Amino acid sequence: MTNPIALTLNAIPGSSSQVVHTGEEELSRLLNDRLSQLHDQLLEMVPSIDRIACVLYDDDSDRLKTFVNSTRSGEAIKGYEFPLKESASLSAIASSGRPRVIDDIQAAVKPNSLHSNWLLEQGYRSSLTVPLTDQGQFIGFVFYDSCQLAAFTPIVQRNLELFTRLINMTISNELNAVRSIMASAQVARDFAHLRDFETGGHLDRMAHTSRLIARDLAPSHGLSDEFIEHVFLFAPLHDIGKIGIPDRILLKPGRLDPEERQIMESHVTLGLEIIDKILGEFALQDLPDSHVLRAIVGGHHEQLDGSGYPRGLRGEQIPLEARIVAVADVFDALTSRRPYKPAWSVAEACTELNRLVAAGKLDGDCVAAIERHAEEVAAIGDRHQDALTD
């Protein structure tokens, strides 16, 4: 039998057994690909594993979110969110830190939720659920499923322990890398006193709205859960380049003159330079989906008719993630109170967004996604309100 330790070492980034990949090839090796490769290796040890899936936990909303999966039998569930508190069994696993084995899914699971219904329909017969942690904090679950009854014997669980640790380490490393970028950006914002124009509430709202749009478009545009999560994580950095814009222009209450407008628009190029600097400082150039981050920062002011900046891109030349963030950003600006205007209602904002779609500025699919989820975007606004100021 193949040595499981050797198999696992081959999958660990940076190990001597790993084949080195560079450039765009490395950027394309997303977590789904890594998990699929790991699944291939695992099947040599435990042939009965038909599915491995990881979900992330969002502490802010107490929701579990599908993230990455490798599904060999059945159809993968994607774009699904579920409040952790609504599942007593999963809540118990999260709080205890102990895994759970179900030997007969058909007998133990009741069809009382979308996930339960899906699980029963796939024909899985047994499962192992293991909590994922990072520095002692619960961050999600890894699910192993099999089409065989009682597949997860103590010996199988012991064989899976090393693989689970590798999966946990890989996800933790990526989340920590993203946190490093976010922390660096926050320090830069605070140092430049950007809180005067860009509130934490705004960043939270537009990030959650961006994820809502991406989740809605996932079936029609073939978007992975990993892509959706990266759009959510990176959206707050869209205007990071504004830390390099002088306050006399950045905080000017009136209309900018042409020279000032040109300086203001340079924040996109500055933003890309800052992101590349941060990625380089933390050696994160190969961070999965770092190209999504660069696309958001570099493309969120492009417009479909080519009138945007800095490159004057048209239509689908503009990356979808940039089009998503652009709509979320404009929507939040319209529905937020400003010194010069009251907050618009969701309906009023959608009317304006559709006007901009007709004018060739914004992506109509992204705007339609907001309209389809009007109640959800209103709830996002209520949950992440700005502190009231005079």
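So, here's what we can say about the structure.

## Overview of the nonpolar core
Counting 44 residues, the largest nonpolar core has Ile-213, Ile-324, Val-327, Leu-353 and Ile-370 as the members making the most contacts within it. Residues within four places of Ile-370 in sequence aside, it is in contact with Thr-209, Ile-213, Val-327, Phe-331, Cys-350, Leu-353 and Val-377. Within the second largest apolar cluster, 27 residues are counted, among which are Leu-31, Val-46, Ala-151 and Leu-175.

## Some points on the pairing of strand E2 (residues 63–71)
By the criterion of burial, E2 is predominantly enclosed, with seven of the nine residues buried. The pairing of strand E1 (residues 51–58) with E2 spans eight bridges and is classified as antiparallel. Paired with Leu-56 across the two strands is Lys-65, which belongs to E2. Bridge analysis of E2 against strand E3 (residues 81–83) gives three bridges, and the strand direction is antiparallel. Looking across to E3, one finds that Lys-65 is bridged to Glu-81.

## So, the pattern of salt bridges
Taken as a whole and judged by the stated rule, the model has 19 salt bridges. Among the salt bridges present, the one from Asp-216 reaches Arg-372, with a minimum N-O distance of 2.6 Å. One end of the pair, Asp-216, is in helix H8 (residues 200–221); the other, Arg-372, is in helix H16 (residues 364–372), with 156 residues separating them in the sequence. Put simply, Asp-58, Arg-63, Lys-65, Glu-81, Arg-211, Arg-215, Glu-229 and Glu-376 are held in one network by salt bridges that share partners.

## Thoughts on empty space enclosed by the protein
One pass over the structure, following the stated rule, counts two cavities of 30 Å³ or more. The volume enclosed by the largest cavity comes to roughly 70 Å³. Lining the largest cavity, in full, are Lys-65, Thr-66, Gly-79, Tyr-80, Glu-81, Arg-211, Arg-215, Asp-225, Ile-228 and Glu-229. Looking at the lining of the largest cavity, the elements that each hand over two or more residues are E2, H8 and helix H9 (225–234). Ranked by the residues each element gives to the lining of the largest cavity, the list is headed by H9, at three residues. Class assignment for the residues of the lining of the largest cavity results in two nonpolar, two polar and six charged. By volume, the second largest cavity is sized at about 40 Å³. If you go around the second largest cavity, the residues you meet are Gly-299, His-300, Glu-302, Leu-304, Ile-318, Ala-322, Arg-323, Ala-326, Lys-361, Leu-362 and Asp-363. Residues of the lining of the second largest cavity, tallied by class, amount to five nonpolar, two polar and four charged.

Basis of the calculations
- Residues numbered from 1 in each chain as written.
- Predicted model: local features only at pLDDT ≥ 70, side-chain atom pairs only at ≥ 80, totals over all residues.
- Heavy atoms only, no water.
- Core = buried A, V, L, I, M, F, W, Y, C linked by side-chain atoms within 4.5 Å.
- Buried < 20%, exposed > 50% of the residue type's maximum accessible area, 1.4 Å probe, protein only.
- Contact = heavy atoms within 4.5 Å.
- Helix = DSSP H or I, 4+ residues; strand = E, 2+ residues; numbered from the N terminus.
- Pairing = 2+ DSSP bridges.
- Salt bridge = Lys/Arg side-chain N within 4 Å of Asp/Glu carboxyl O.
- 1 Å grid on protein atoms, 1.4 Å probe; cavity = no way out; pocket = protein on both sides within 12 Å on 5 of 7 lines; lining within 4 Å.
- Points joined across faces, edges and corners; volume = space filled by probe spheres on them.
- Nonpolar A, V, L, I, M, F, W, Y, C, P; charged D, E, K, R; others polar.

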